[in-house]
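# Per-entry structural report
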Amino acid sequence: MTSDRAWIALIVVWAMVQVAWRFAQGPALELDEAEAFYFARNLALGYNAQPPLYFWLQWLVFAVVGQGILGLALLKYALLGTAGLLLYAMLRRLRPPFEAGVAVMGLGLLPQVLWEAQRALTHSVLALTMALLVMALADRVLRGPGRAGLGAWAALGITAGLGAISKWNVALLPLAILLAACLRAEWRARIDPRGVMLAVVAAAAVVALPFWWVFRNPVVAGGSLHKLGIDEAAPLWRMLVGLGSLASAWIAFCGLVIVVGGLIAFKLRGQARWRADPQSRLMLVTMGAGAGLLAVGVVLSGVTDVADRWLLPIAVFSAPVFVLWALDSLGPLGGRWLARGLGALWVTGFALLPVSGWVEPGYRAADFAGLAKWIEDRHSDVAVVSDSIWIAGNLALVLPDRPVWRSVDAPELTGAVLWVARQGTAQALAATRGKTAAPAGGHPLRRGGRREAVDLAFSP
């Protein structure tokens, strides 16, 4: 395809088809979907350890189309489609339509995009979109045409702030871009101190209220800090483990890019060295600066467990840069074969999505309709409280007229309550809220090929 209209249509149609395809993947909600559905029923400054922007957007979509799977799918795939359009628009400043479009397809070399983003993720999908928007605006500010005005700097600051409240790790990207800009004379010359200050003020204004909520609710907001693996080991050992985990995360995130790139480089050995275009150079230097900042952060913080998805706002640019290098190096025929291979990758991922929903891990195949009927038949018109965000979100979906809470979020409970426990006993769950409850039995809950059982108890 060699026209902008064709590539834009392909991205938009892909997003629309994905919305419909979601209904083929099961009637229940994935873990992140359940979390989004549960929290986005209400508008608040903060909710949990995740920043609030995704829940705000989901609340807005629900207000327009109603609460349900359609609203969840519309937001997620609209964001993924927007991410593709943003990358395409940025690359079209220097590249023809075919090369820009294939570079967008190159995101399929990243498992976190090809599989996890389409299958399960929510906040990381928004983080991907915001990271690409930040880079597109930075490309405009640092490369022209002409000297960027204060409006462009303000837009960059606002976008950086929105990125931070989409997922906290996106805040690293503008810092990496600024460091990258300081490393090269042509970018350094375009830095306007007034613009930088305006961008900082704009970003601070955007994050002020969510940060205020974080400071007011440190226990809730810090609920996922245990995932960082911070411990009291000897400093040298902690540093080595942390840096090793960071290196492993880079390999996991970019592994397919590294493998395919290595094979192409081996085939092309002896060719002249690639001269990166200005956009590719900006993305490469930003990734290098981001990697350095991450390494410093790991050492100073004592983090020993780095998940590959946390690298997304920085490492995502590895795929388009690799594709642009490959297109320049392989020539027209090789470029067409690369495009076909990437297309096959996307089609395969698309076709396998129902396997995730129905078979493994099978969250979307869980029979919450059966559990809801059991609850309606035996305990109509009572509040439902669970220890699991997955159960609470799904029961809120299938029992829309019933108050459904996760135990840690529930208000003061004065009336009858049905307790639904995924871990331990429902009586013990009731005891955590100072309530006594009579056993109400267990209920089987199939999930793909697995059989789970939830425990229930009733407080009159």
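The preceding data block contains the structure.
Bear in mind that the values here come from a model prediction, so they are computed numbers and not experimental data.

For the peptide bond that leads from Glu360 to Pro361, omega is 5°, which places it in the cis range. You can see Pro361 is positioned in the loop between α16 (318-358) and α17 (368-378). Unusually for a residue other than glycine, Asp381 sits at a positive phi of about 65°. Residue classification places Asp381 among the exposed residues on the basis of a relative accessible area of 73%.

Turning our eyes to something else, we now look at the side chain of Ser407. Mapped onto the secondary structure, Ser407 falls in the loop between β2 (404-406) and β3 (417-421). Among the residues examined, Ser407 registers a relative accessible area of 7% and is labelled buried. In this view, Ser407 contacts Val385, Ser386, Leu429, Thr432 and Arg433; residues no more than four positions away in its chain are not counted.

Grouped together as the largest cluster of nonpolar side chains are 128 residues, with contacts concentrated most on Val323, Phe368 and Leu395. The element best represented in this core is helix α4 (residues 69-91), accounting for 13 residues. Excluding anything up to four places from it in sequence, Val323 contacts Val102, Ala103, Gly106, Leu109, Leu338 and Leu342. Judged by nonpolar contacts, the second largest core, of eleven residues, contains Ala410, Trp419, Leu429 and Ala437.

What follows deals with the sheet that holds strand β1 (residues 383-386). Reading across the sheet, the five strands line up as β2-β1-β3-β5-β4 and stay open at both edges, with mixed pairing between neighbours. Across the chains shown, the open sheet's two edge strands, defined by having one partner strand only, are β2 and β4 (438-447). Pairwise comparison of adjacent strand axes, ignoring direction, gives a mean angle of 25° for this sheet. With respect to the sheet, α17 is in contact with β1, β3, β4 and β5 (450-459), its orientation differing from that of β4 by roughly 160°.

The next point concerns the packing of aromatic side chains. For the structure shown, the criterion picks out twelve aromatic pairs. Here Trp14 and Trp346 contribute two aromatic rings whose centre-to-centre distance is 5.8 Å and whose plane-to-plane angle is 75°, an arrangement assigned as edge-to-face. A residue pair is termed long-range when its members are at least 10 positions apart, and Trp14 in helix α1 (residues 4-22) and Trp346 in helix α16 qualify at 332 residues. By relative accessible area, Trp14 is classed as partly exposed at 22%. Residue classification places Trp346 among the buried residues on the basis of a relative accessible area of 17%.

Of all five residues that make up β3, five are buried, and the element is covered over most of its length. The side-chain alternation of β3 yields two buried faces, one formed by Val417, Trp419 and Ala421 and the other by Leu418 and Val420. In this structure, β1 lies alongside β3, joined through four bridges in parallel fashion. Within β3, the position partnered with Ser386 by the bridge is Val420. The sheet contact formed by β3 and β5 spans five bridges and is antiparallel. Bridge pairing in β5 links Leu418 to Phe458.

Evaluated as defined, the whole model comprises one cavity of 30 Å³ or more. Its volume calculated, the largest cavity comes out at about 40 Å³. Around the largest cavity, the lining residues are Glu33, Ala36, Tyr54, Gln58, Leu72, Lys76 and Thr122. Counting only elements with at least two residues in the lining of the largest cavity, the list comes to α2 (31-39), α3 (53-65) and α4. For the lining of the largest cavity, a count of residues per class yields three nonpolar, two polar and two charged.

The rules behind the values
- Residues numbered from 1 in each chain as written.
- Predicted model: local features only at pLDDT ≥ 70, side-chain atom pairs only at ≥ 80, totals over all residues.
- Heavy atoms only, no water.
- Helix = DSSP H or I, 4+ residues; strand = E, 2+ residues; numbered from the N terminus.
- Buried < 20%, exposed > 50% of the residue type's maximum accessible area, 1.4 Å probe, protein only.
- Contact = heavy atoms within 4.5 Å.
- Core = buried A, V, L, I, M, F, W, Y, C linked by side-chain atoms within 4.5 Å.
- Pairing = 2+ DSSP bridges.
- Axes fitted to C-alpha atoms, helices over the stretch in contact; angles between N-to-C directions.
- Phe/Tyr/Trp six-rings, centres within 6.5 Å; stacked < 30°, edge-to-face > 60°.
- 1 Å grid on protein atoms, 1.4 Å probe; cavity = no way out; pocket = protein on both sides within 12 Å on 5 of 7 lines; lining within 4 Å.
- Points joined across faces, edges and corners; volume = space filled by probe spheres on them.
- Nonpolar A, V, L, I, M, F, W, Y, C, P; charged D, E, K, R; others polar.

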